[in-house]
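So you can see what is in the structure, the chains are spelled out below.
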Amino acid sequence: MLVLLPPSEGKADGGRGRPFDPDALSLPELAPAREAVLEELTALCSGDEEKAREVLGLSEGLRGEVAKNARLRSAPARPAGEIYTGVLYDALGLDGLSPAAKRRAARSLLVFSGLWGAVGIKDRIPSYRCPGGVRLPGLGALNAHWRGPLAAALPAAAGTGPVLDLRSTAYAQMWKPTGELAERTVTVRVLQSSVVDGVEKRTVVSHFNKATKGRIVRALLEAGGLPGTPEALVAAVRGLGYVVEDAGEQTERRRPGKPRALDVVVTEL
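These figures come from a predicted structure and were not determined experimentally. (Residues numbered from 1 in each chain as written. Predicted model: local features only at pLDDT ≥ 70, side-chain atom pairs only at ≥ 80, totals over all residues. Heavy atoms only, no water.)

Attention now moves to helix H1 (residues 31-46). Taking 1.5 Å of rise per residue, the 16 residues of H1 would be expected to cover 22 Å, and the 22 Å separating its terminal C-alpha atoms lies within 8% of that figure. Those residues of H1 that fall on the buried side of the exposure criterion are Ala33, Arg34, Val37, Leu38, Glu40, Leu41, Thr42, Leu44 and Cys45. Elements in contact with the buried residues of H1: helix H2 (49-56), helix H3 (64-70), strand S4 (117-120), strand S6 (135-136) and helix H7 (142-158). (Helix = DSSP H or I, 4+ residues; strand = E, 2+ residues; numbered from the N terminus. Expected span 1.5 Å × (residues − 1). Buried < 20%, exposed > 50% of the residue type's maximum accessible area, 1.4 Å probe, protein only. Contact = heavy atoms within 4.5 Å.)

Take the side chain of Asn143 next. Positionally, Asn143 belongs in helix H7. On the basis of relative accessible area, Asn143 is assigned to the buried category, the value being 12%. A distance of 3.0 Å separates a polar atom in the side chain of Asn143 from a polar atom in the side chain of Gln173. Discounting residues that sit within four places of it in the chain, Asn143 has contacts with Gly132, Ala170, Gln173 and Met174. (Polar contact = N/O pair within 3.5 Å; in protein donor to acceptor, adjacent residues only side chain to side chain.)

Between H1 and H2, the shortest axis-to-axis distance is 7 Å and the interhelical angle comes to 135°. On the basis of the axis angle, H1 is oblique to H2. From H1, Leu41, Leu44 and Cys45 reach across to H2, where they touch Lys51, Ala52, Val55 and Leu56. Its residues assigned to classes, the contact of H1 with H2 comprises six nonpolar, no polar and one charged. (Axes fitted to C-alpha atoms, helices over the stretch in contact; angles between N-to-C directions. Parallel < 35°, antiparallel > 145°, perpendicular 65-115°, else oblique. Nonpolar A, V, L, I, M, F, W, Y, C, P; charged D, E, K, R; others polar.)

Okay, the pattern of salt bridges next. Scanning all chains against the criterion turns up 17 salt bridges. With a closest N to O distance of 2.1 Å, Glu49 and Arg63 form a salt bridge. Separated by 14 residues along the polypeptide, Glu49 in helix H2 and Arg63 in the loop between H2 and H3 bring together distant segments of the chain. Here Arg53 and Glu60 are joined by a salt bridge, their closest N and O atoms 3.3 Å apart. Linked through salt bridges whose partners overlap, the residues forming this network are Glu49, Glu50, Arg53, Glu60 and Arg63. (Salt bridge = Lys/Arg side-chain N within 4 Å of Asp/Glu carboxyl O.)

Turning our eyes to something else, we now look at the packing of H1 against H7. Relative orientation of the contacting elements H1 and H7 amounts to 160°, with a least axis distance of 9 Å. In terms of orientation, H1 lies roughly antiparallel with respect to H7. Classified by chirality, the crossing of H7 by H1 is right-handed. On H7, the residues that touch Ala33, Arg34, Ala36 and Val37 of H1 are Leu142, His145, Trp146 and Pro149. For the contact of H1 with H7, the per-class residue count stands at six nonpolar, one polar and one charged. (Left-handed = near helix turned anticlockwise from the far one by under 90°.)

Next up on the list: helix H11 (residues 230-239). Along H11, the positions that sit buried rather than exposed are Pro230, Leu233, Val234 and Val237. Projected down its long axis, H11 shows its buried positions confined to an angular sector of 100°, all on one face. On its buried face, H11 is in contact with strand S8 (163-165), helix H9 (179-183), strand S9 (185-196), helix H10 (206-222), strand S11 (243-246) and strand S12 (260-266). Positioned one or two residues after H11, Gly241 has a phi angle of 100°, which is positive. (Arc of directions from axis to C-beta.)

When you line up the elements, Arg124 lands in strand S5 (residues 124-125). At 3.0 Å, the side chain of Arg124 forms a polar contact with the backbone oxygen of Ala77. Those residues in contact with Arg124 that lie beyond four places of it in its chain are Gly17, Arg18, Pro19, Phe20, Leu25, Ala77, Arg78 and Pro79.

Turning next to the state of the cysteines. Applying the stated criterion across every chain yields a total of zero disulfides. Of all cysteine sulfurs in the structure, the one in Cys130 sits closest to Cys45, which takes part in no disulfide; the separation is 8.3 Å. A residue is classified by how much of its surface remains accessible, and Cys45, at 6% relative accessible area, is buried. The exposure class assigned to Cys130 is buried, which follows from its relative accessible area of 3%. (Disulfide = S-S within 2.5 Å.)

And the structure:
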């Protein structure tokens, strides 16, 4: 099973490690596209600071991110699983996984990125700031820049098992599975259920969404062998105690060549 995750906007410091090695990253076929983004990003951030802040959508308080980006080639690097932080990654708790679950995570998790395209959690990268929705002056929109390279690389990475797609909208635009691979892909939307004046109300709440997705991945990794089919994946999520509504179980509502969409309904965080 392949699990596709969004990155976090905030990132941990790279610490004191050696710089990243572009030849050591997962999905080496992405190297030319990575180099193109890295070259323009570092050049942009080494020049006019105000222009760089505008392009990257950074507030005044995040001015230091520009200087960080300018030093990416020489900055210390750490495993991506340590660089990415925030609600989803706190709930996933990579550091606290059992040894067997850590091995499964290393084989199965890919984090999407405006700078790297996608990286494994063991890939050593520096701390950076480059959202997937950025439009660089030379390359243009990064989500469009990555579509071709990712379309060429990810089918082989997905293998023959299910794909659990937990990406946010900006990163889902970088690559969309097609054909038979799309039919093996399962997307998840987390809905918070509450009762207002005796009537159930369901809403999408960012914090619930991110935390629940992180917990689901953690529990699947710790449960043992990962599911080998979309049907087994749906059953596994239900087996974790979640309320799952799956339109794909109704034959007349299945969409050929489209991912299977799950709604996971929660009442409390």
